[in-house]
Amino acid sequence: MNSTTNEAPTAPIQLSRKPSERGSTGGSPDAPGRGKTACIRTFGCQMNVHDSDRMRRMIQDAGYAEVQHYEDADLVILNTCYVRENAVDRVRGHLGELNRLRSEGRVKKVALTGCIGAAEESQSLQKTYNIDLVLGTHNTYELAEFVGLPTMRETYTPELPGTEGEHSAFVTIMTGCNYQCSYCIVPTVRGRMICRPMGSVVEEIENLVAGGTRYVTLLGQTVDAWRYEGKRFCDLLEAVSEVAPRVWFTTSHPSNMEDRTLRAIGERDTIVKRLHLPVQSGSDRMLKVMHRGYKAERYRRKISVFREAAPEGSLSTDIIVGHPGETEVDHQQTLRLVEDCEFDSAYIFKFSPRRGTEAADLPGVVPEAIVQRRFLEVLRGIEQNAFRRNQRKVGNTEEIFIRHGATEDGKAIGETWSGHAVHVDTGAAPGTYVKSTIESAGPHVLYARERAS
Ligand code: SAM
Ligand code: SF4
């Protein structure tokens, strides 16, 4: 995740079963899907990765074996993202390919789920590509019936189980969003915010930890807006930090981010010292047009609290370039904010008009050539800062959590307590910690070698 990109953040797919069970089929011997295969393709953010996990559990319970290639699958599930137009174009490409495989008899059924499934556009896609099942984000439970399981009335909210049994797990603490940012389709496709009870979140995490989970990520569109029966997000984070060996959360909204939470990140040993706080723009005028609800100065102040609380921590953000009406002065203000905040990484997005959002109809469309130049200027600013900050880490010895074991080149992928991504020479297994010395650094990744003990 420590990258700079114009694509939505993605995370490795988490398998819902323990590693020892990978590749096996679940369900009883007479499960309806026994002997059949399914392939799940996930697009977009961690919420989608998490939804895919839940669907994976359904198909496994129905007896399907999971396969990695479309041509080996009886059922293909495309779990989609709708945040930018190019996401839809990508999905169209996959649907075209699936139609071809279906005409050759290699794929039997296709399901379209996730944010595109929840959008109006799904109806025309269903007709054009002859899709067998279209589900939005609120009725993924209907997949269970589709694969032959008894009807499961799952509400996609309170008591939803997260990922089980892996060394790291996503746990949804809230769904939907109560903001109405000018450019964003999320409130339309995910609905208004619903928070999960604290007891249910903590209990789930206790069970996950008992099953071997070492790293918990609390998920939601604006996790810091979480409230339940008088409790606020920081109460929940503190409670989770008591039971999880390692916890991180994403994503947050600057208007909800409390100083208390920022201090807790620095104070609590089990909280990863990494903050992802999307700013979108450094211009007060644009922040107002976007309905973000804060000014750049307030954002800067939050960042100074975070830097003071966790001086070695890492900070990332989201920035949109080329929102309608963005002038050169607005853009310069964004560059200044990038300089001031010294982000360690950022997701930079070119504005993409989404039908049904306010910004899609706003005047002042910024020409593509200007958007591209602004994109590169922000990227350069972010990378320069990130490179400078990462260089300071060279020579340090850090405890690294191994996320993915070594590949053929002997390098595993891990994460420091400051949330920096590290390529490390080690044979250590995922879910374990290794003490390593940082030998070099690029703008996106640190390179380390395990210390001989
Ligand atoms: N809830 C988070 C927040 O308020 O910052 C962000 C969630 S959104 C799914 C992820 C990011 O996608 C946003 O922070 C924004 O930068 C980007 N994004 C959303 N809609 C976009 C659009 N229409 N064009 C370009 N980028 C967009
Ligand atoms: Fe979208 Fe804004 Fe809600 Fe984030 S806070 S999900 S950008 S509407």
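This text goes with the structure placed above it.
Attention here is on the structure that accompanies the text. Keep in mind that what you see is a predicted model, and the values were worked out from it rather than measured. (Residues numbered from 1 in each chain as written. Chains lettered and ligands numbered in written order. Predicted model: local features only at pLDDT ≥ 70, side-chain atom pairs only at ≥ 80, totals over all residues. Heavy atoms only, no water.)

## Focus on the site of ligand 2
Around ligand 2, the surrounding shell consists of Cys-177, Tyr-179, Cys-181, Tyr-183, Cys-184, Val-186, Pro-187, Gln-221, Thr-222, His-253 and Arg-292. Most atoms of ligand 2, that is more than half of them, are within 2 Å of grid points of the largest cavity. (Near = heavy atom within 4 Å. 1 Å grid on protein atoms, 1.4 Å probe; cavity = no way out; pocket = protein on both sides within 12 Å on 5 of 7 lines; lining within 4 Å. Sits in = over half its atoms within 2 Å of the grid points.)

## Some points on the nonpolar core
Counting residues in hydrophobic clusters, the biggest one holds 54 residues, and the most contacted among them are Ile-173, Leu-218, Phe-249, Leu-275, Tyr-299 and Phe-343. The biggest single contributor to this core is helix α8 (residues 233-243), with 6 residues. Those residues within four positions of Phe-343 in sequence are excluded, and the remaining contacts are Val-279, Tyr-299, Arg-307, Leu-315, Ser-316, Thr-317, Leu-337, Val-338, Ile-382, Asn-385 and Ala-386. Listed in part, the 26 residues of the second largest apolar core include Tyr-70, Leu-78, Leu-101 and Tyr-129. (Core = buried A, V, L, I, M, F, W, Y, C linked by side-chain atoms within 4.5 Å. Buried < 20%, exposed > 50% of the residue type's maximum accessible area, 1.4 Å probe, protein only. Helix = DSSP H or I, 4+ residues; strand = E, 2+ residues; numbered from the N terminus. Contact = heavy atoms within 4.5 Å.)

## Concerning helix α1 (residues 46-61)
Counted at 1.5 Å a residue, the expected span for α1 with its 16 residues is 22 Å, and the 23 Å between its end C-alpha atoms agrees. Of all 16 residues in α1, 15 are buried, a share of seventy percent or more. (Expected span 1.5 Å × (residues − 1).)

## Remarks on the sheet that holds strand β19 (residues 433-441)
Two pairing modes exist for strands in a sheet, parallel and antiparallel, and in both the strands are linked by backbone hydrogen bonds. Strands sit in the order β16-β17-β18-β20-β19 around a closed barrel of 5 strands; the barrel is mixed. For this sheet, the mean inter-axis angle between neighbouring strands, taken without regard to orientation, is 55 degrees. (Pairing = 2+ DSSP bridges. Axes fitted to C-alpha atoms, helices over the stretch in contact; angles between N-to-C directions.)

## Things to note about the pattern of salt bridges
For the structure on display, the rule yields 36 salt bridges. Here Arg-300 makes a salt bridge to Asp-340, at a shortest N to O gap of 2.9 Å. Separated by 40 residues along the polypeptide, Arg-300 in helix α11 (residues 296-309) and Asp-340 in helix α12 (residues 328-341) bring together distant segments of the chain. Using a relative accessible area of 45% as the deciding quantity, one classes Asp-340 as partly exposed. (Salt bridge = Lys/Arg side-chain N within 4 Å of Asp/Glu carboxyl O.)

## So, empty space enclosed by the protein
Using the criterion set out here, one finds 2 cavities of 30 Å³ or more in the structure. Val-83, Val-186, Gln-221, Thr-251 and Asp-318 are the residues nearest the centre of the largest cavity, which is lined by 41 residues in total. Looking at the lining of the largest cavity, the elements that each hand over two or more residues are α1, α6 (186-190), β14 (314-321) and β15 (345-350). Classifying every residue of the lining of the largest cavity gives 22 nonpolar, 13 polar and 6 charged. (Points joined across faces, edges and corners; volume = space filled by probe spheres on them. Nonpolar A, V, L, I, M, F, W, Y, C, P; charged D, E, K, R; others polar.)

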